[in-house]
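Close look at the chain arrangement
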Amino acid sequence: MLGIFTDIGNKIIHGGFKTHLVVYLISLVLGISIIQMVFYKVLKIVAKKTNVSYSLLQQTFKGIPTLLGILIGIYAVTQILAIPPRPLLFFQRLLHALVILSLTLLVARLASGYFKQKFGKTSGAVASTSILETTMDLAVYAIGILVFLESFGVAVSPLLTAMGVGGLAAALALQETLANLFSGINILVAKQIEIGDYVKLATGEEGHVVDMNWRNTTIKTGTENMVIIPNQKFASSTITNYAQPFAECSIAIPITVSYESDLDHVEEVTVAVAKEILQETAGGVKSFEPFVRYSSFAESSIDFNVILRVMTVTDQYLIRHEFIKRLHVRYKKEGIVIPFPTRAVKLEQVTPLEESRLR
């Protein structure tokens, strides 16, 4: 039996080009399949033991097992098979080039994955921070190309000098573009605004930050529309971030009652309804104790605010909706009056003498 395997091995090693090609392709397919199975099982284990999502790991290492299988296959060909000098030199150069390509791709993917994990903030999905991804990818790929050229004997120093002069000219011509680029990087690095945060600008636009690329910041509004803002204007605007330092926030709902109302009874009923809403409605903070604060004597009513707490700023709309509906029913049941605006006008009778004087 051992002799049979030895004969088959000798025929493969000393066979012709077709034999070598068939054996290489079969080995390559089997090797890539085995490596992919093992690799993605390892990624699932890593995802379970860390806070990194499996989808992010899949995206980061996409294509790496295939390149690894090809590298192992080419290396095995150069070490095992009896290849003539010229094809052997070709395989060695191909192996060298693929090693540089694989390392460059791996470093770029790892950097992009790191920035997605660090600056993205979504539940279950991978957030987009394309400005940092694009900048890092360009830097890594540029270094990889320079290393590739240097390894094949191409002089890199004159190329770097030309790129430096060209970069200076481009910087002068693209001042506004570069201002947007560095404004976007500064916003993300400062971590005052992250992808997924709900923000409101001083100009009135509000929504979730869904992307920040090399030129623009994209905000998705509550009506599912996109607002595109240049990074420089976004960085210089006055912005309210409703997601930091934490997403929970308090809301005040203004209410008025008539002067004839028992204010202690009004407070008791209002707080009871507010508690029910926070307990039963999605988005309410169940542990929060709502309270009432009277604010002023108006022309025809006593004004006050009910303070409730919601999980995120966008949850307030459903909470307000349900609270106003239920409070209206409860006030009717309890006999609490929400007055219409009224104004008293006093008319005095004028004597004929006074009327003639006014004329």
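Above this text you will find the structure in question.
Computed from a predicted structure; not experimentally measured. (Residues numbered from 1 in each chain as written. Predicted model: local features only at pLDDT ≥ 70, side-chain atom pairs only at ≥ 80, totals over all residues. Heavy atoms only, no water.)

**Details of the sheet that holds strand β2 (residues 206-212)**
Spatially, the 5 strands line up as an open sheet ordered β4-β3-β2-β1-β5, and their pairing is antiparallel. Each having just a single partner strand, β4 (226-230) and β5 (239-241) make up the two edges of the open sheet. Put simply, the sheet's adjacent strands are angled 40° from each other on average, direction ignored. Bridge analysis of strand β1 (residues 198-201) against β5 gives 3 bridges, and the strand direction is antiparallel. Paired with Leu 201 across the bridge in β5 is Ile 239. (Pairing = 2+ DSSP bridges. Helix = DSSP H or I, 4+ residues; strand = E, 2+ residues; numbered from the N terminus. Axes fitted to C-alpha atoms, helices over the stretch in contact; angles between N-to-C directions.)

**Description of the environment of Leu 67**
Checked against the element boundaries, Leu 67 lands in helix α4 (residues 64-80). Using a relative accessible area of 14% as the deciding quantity, one classes Leu 67 as buried. In sequence terms Leu 67 and Leu 98 are 31 residues apart; their C-alpha atoms lie 7.7 Å from each other. Excluding its chain neighbours within four sequence positions, the residues that come into contact with Leu 67 are Leu 98, Ser 102 and Leu 105. (Buried < 20%, exposed > 50% of the residue type's maximum accessible area, 1.4 Å probe, protein only. Contact = heavy atoms within 4.5 Å.)

**Details of the pattern of salt bridges**
Within the structure shown, the criterion is met by 6 salt bridges. For Glu 224, the salt bridge goes to Lys 220, with nearest N and O atoms at 3.0 Å. For Glu 224, a relative accessible area of 55% gives the class exposed. With relative accessibility at 30%, the residue Lys 220 sits in the partly exposed group. Because the salt bridges share partners, they merge into one network encompassing Glu 276, Glu 280 and Arg 326. (Salt bridge = Lys/Arg side-chain N within 4 Å of Asp/Glu carboxyl O.)

Bear in mind that shape data such as this cannot, by itself, settle questions of function.
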